[in-house]
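# Structure at a glance
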Amino acid sequence: MHDHDHHHDHDHDHDGHHHPRPVSEQELRTRALEATLVEKGIVTSDAIDAIIDRYVNDIGPQNGARVVARAWSDPAYHERLLADGTAAIAELGFTGEEGHTIVVVENTPDAHNVIVCTLCSCYPWPVLGLPPTWYKSAPYRARVVAEPRAVLEEFGVELPDATEIRVWDSTAEVRYLVLPMRPAGTDTLAEDDLAALVTRDSMIGTGLPLAPTAA
Ligand code: FE
C-alpha cells in the first residue's frame, strides 16, 4: 500500500536512490493552509514547528509506556486506570488534544484487545502521540474488523484459539488504550525497566510487550 500521508516529497530506499513521488492533495492543502496562516500573521512557522516538535519528541508511546508500567506495578493505580482511564492518565501528567476521554481495555489470557478507527484515524494522542501510517490506512481499518485474527498474525501476534479478540472502534469522543499483559519473568523489574518493554503496538493491540533481556 502507498503512503499518501508522508510528509516529504521524496522517499529513498535502502540503496539511497531517490524516487520522486507526487505530493498528496492533503499535503498541498496543509501547506496552503500553513502559508495562509503565516501570511496573515495568525501563526508563525516557529509556532507550528514547536507543535510538531512536541509531538515528535515529547508526546509519544513513551507516555503510554509509563501508564502501563505504573499499572503493572501499582494495583491501586491499575484499578483506577480501568475505572477512569482519562483521570488515571492525567495523574501522570498526560492530557490534551485528541484524548479528552480515554478508555483503557485490559488484555487477559481470555481476551485480547485491539484498537482501530474505522472512519478515519482517531487515536489517543496524549499517550501514543501521532498514529502510524498503517493505522490510518483503509486496509487496516476494514480488515481488522472483518478478520482480526489474520491481521494480528500479519503483525506477528499469534493468539491461542481460545482467546477472544475484541476490536474497539475509536471515535472523536472516545479513544482507547490497550493495557497489555505483563510479560513473564518481570517480577523483579522496577517501573522504569518495565516501561522499556512496552511497545507502541502493544498498546494498540497489534503487538505484544518485549520479553525481558537477561541482565
Ligand atoms: Fe477517526
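Everything below is about the structure shown above.
Description of the structure in this document.

Each value, and the rule that gives it
Residue numbers restart at each chain and count upward from 1, following the sequence in its written direction. With pLDDT at 70 or above as the cut-off, local features in this predicted model cover only qualifying residues; side-chain atom pairs require 80 or more to be listed or tallied, and sums for whole chains, interfaces and linings still use all residues. Side-chain numbers here rest on the full set of heavy atoms in the structure, without hydrogens or water. Numbered from the N terminus, helices here are DSSP runs of H or I no shorter than four residues, and strands are runs of E no shorter than two. Partly exposed residues are those whose accessible area sits between 20% and 50% of the maximum for their type, while under 20% is buried and over 50% is exposed, using a 1.4 Å probe and protein chains only. Working rule for contacts: check all heavy atoms of both residues, and any pair within 4.5 Å makes them a contact. Areas reported here follow the Shrake-Rupley algorithm with a probe of radius 1.4 Å; residue values treat only the protein chains shown as occluding. Each salt bridge in this description consists of a side-chain nitrogen of Lys or Arg and a carboxyl oxygen of Asp or Glu lying within 4 Å of one another. Only N, O and S atoms count as donors, using a 2.8 Å cut-off from the metal and 3.2 Å for Na, K and Ca, and because water is excluded some sites may appear unfinished. Any coordination sphere not matching a tetrahedral pattern (four donors, all angles between 85 and 135 degrees) or a square planar or octahedral pattern (four or six donors, opposite donors over 155 degrees apart, other angles between 65 and 115) is reported as irregular. For this quantity, the arc is that covered by the directions from the helix axis to the C-beta atoms. Given a helix with a known number of residues, its expected span is that number minus one, times 1.5 Å. Each aromatic pair joins two rings of Phe, Tyr and Trp (for Trp, the six-membered one) with centres within 6.5 Å, and gets the label stacked for planes under 30 degrees apart, edge-to-face for over 60, and tilted for any other angle. Distance and angle both matter: a charge sits over a ring if NZ of Lys or CZ of Arg is within 6 Å of the ring centre and within 35 degrees of the ring normal. Here the nonpolar core consists of buried residues drawn from Ala, Val, Leu, Ile, Met, Phe, Trp, Tyr and Cys, with membership extended through side-chain atoms lying within 4.5 Å. Residues adjacent in sequence count toward polar contacts only when both atoms are side-chain atoms; beyond that, a polar contact is any pair of N or O atoms within 3.5 Å, and within protein one must be able to donate a hydrogen and the other to accept it.

This paragraph deals with the overall build of the protein chain. Helix and strand counts for the protein chain come out as eleven helices and six strands. Burial statistics for the protein chain: of 215 residues in total, 35% are counted as buried. For the protein chain, restricting intrachain contacts to residue pairs at least 6 apart in sequence, the fraction spanning at least 24 positions comes to 62%. When the accessible area of the protein chain is evaluated, it comes to approximately 12400 Å², of which 56% is carbon and sulfur surface.

This part covers unusual backbone geometry. Even without glycine at this site, Glu98 takes up a positive phi of about 60 degrees. When you line up the elements, Glu98 lands in the loop between helix H5 (85–91) and strand S3 (102–106).

Bringing the pattern of salt bridges into the picture now. Inspection of every chain in the model, using the stated rule, returns eight salt bridges. In this structure, Glu91 and Arg80 form a salt bridge, with 2.7 Å as the shortest nitrogen-oxygen distance. With Glu91 in helix H5 and Arg80 in helix H4 (residues 75–83), this pair connects stretches of sequence that are eleven residues apart. For Glu154, the salt bridge is made with Arg143, and the minimal N-O distance between the two is 2.8 Å. Taken together, the residues span a long stretch of sequence, with Glu154 in helix H9 (residues 148–154) and Arg143 in helix H8 (residues 138–146) at a distance of eleven residues. What makes Glu154 exposed here is its relative accessible area of 57%. Residue class for Arg143 comes out partly exposed when judged on its relative accessible area of 26%. Residues participating in the shared-partner salt-bridge network are Arg143, Glu147 and Glu154.

A word on the coordination of the iron ion. For a metal with four tetrahedral donors the ideal donor-metal-donor angle is 109.5 degrees, while six octahedral donors give ideal angles of 90 or 180 degrees. Note on the iron ion: its protein donors are Cys117 (SG), Cys120 (SG), Cys122 (N) and Cys122 (SG). The metal-donor distances range over 2.1 to 2.6 Å. Coordination at the iron ion comes from four donor atoms whose angles at the metal span 79 to 131 degrees, giving a geometry best classed as irregular. Along the chain, the residues that donate to the iron ion are spaced as C-x2-C-x1-C. Take Cys120: its relative accessible area is 37%, and that puts it in the partly exposed class.

Quick look at H8 now. Three or more residues of H8 are buried, namely Tyr140, Arg141 and Val144. For H8, the arc enclosing every buried residue in end-on projection is 100 degrees, short of the 170-degree limit, so these residues lie on one face. Each element contacted by the buried residues of H8 is listed here: strand S4 (111–116), helix H7 (133–136), H9, strand S5 (164–169) and helix H11 (200–204).

This paragraph deals with helix H1 (residues 25–39). Between its terminal C-alpha atoms H1 stretches 21 Å, which fits the 21 Å expected from 15 residues at 1.5 Å a residue. Backbone geometry just downstream of H1 places Gly41 in the positive-phi region, at approximately 75 degrees.

With that settled, consider the packing of aromatic side chains. Counting across every chain of the model gives seven aromatic pairs. For the ring pair Tyr135 and Tyr140, a centre distance of 5.9 Å and an interplane angle of 35 degrees mean the geometry is tilted. Judged by relative accessible area, Tyr135 falls into the buried class, the value being 0%. Each residue in the set Tyr123, Trp134, Tyr135, Tyr140 and Phe155 is aromatic and connected to the rest through ring pairs, giving one cluster. For Arg70, the ring lying beneath its charged end belongs to Tyr77, and the centroid distance is 5.9 Å.

Here we come to the environment of Ala211. Within the secondary structure, Ala211 sits in the segment after H11. Of the residues examined, Ala211 reaches a relative accessible area of 57% and is grouped as exposed.

Further remarks concern the nonpolar core. Membership of the largest hydrophobic core comes to 40 residues, with the highest contact counts inside it found for Val67, Leu81, Ile89, Tyr135, Tyr140, Leu177 and Ile204. No other element matches helix H3 (residues 61–73), which puts six residues into this core. Leu81 has contacts with Val67, Ala71, Ala88, Ile89, Val104 and Leu179, leaving out every residue within four places of it along the chain.

What follows covers the side chain of Asn107. Here Asn107 is to be found in the loop between S3 and S4. Among the polar contacts listed, one links the side chain of Asn107 to the side chain of His112, at a separation of 3.5 Å. Residue contacts for Asn107: discarding those within four places in its chain leaves His112, Asn113, Val178, Leu179, Pro180 and Met181.

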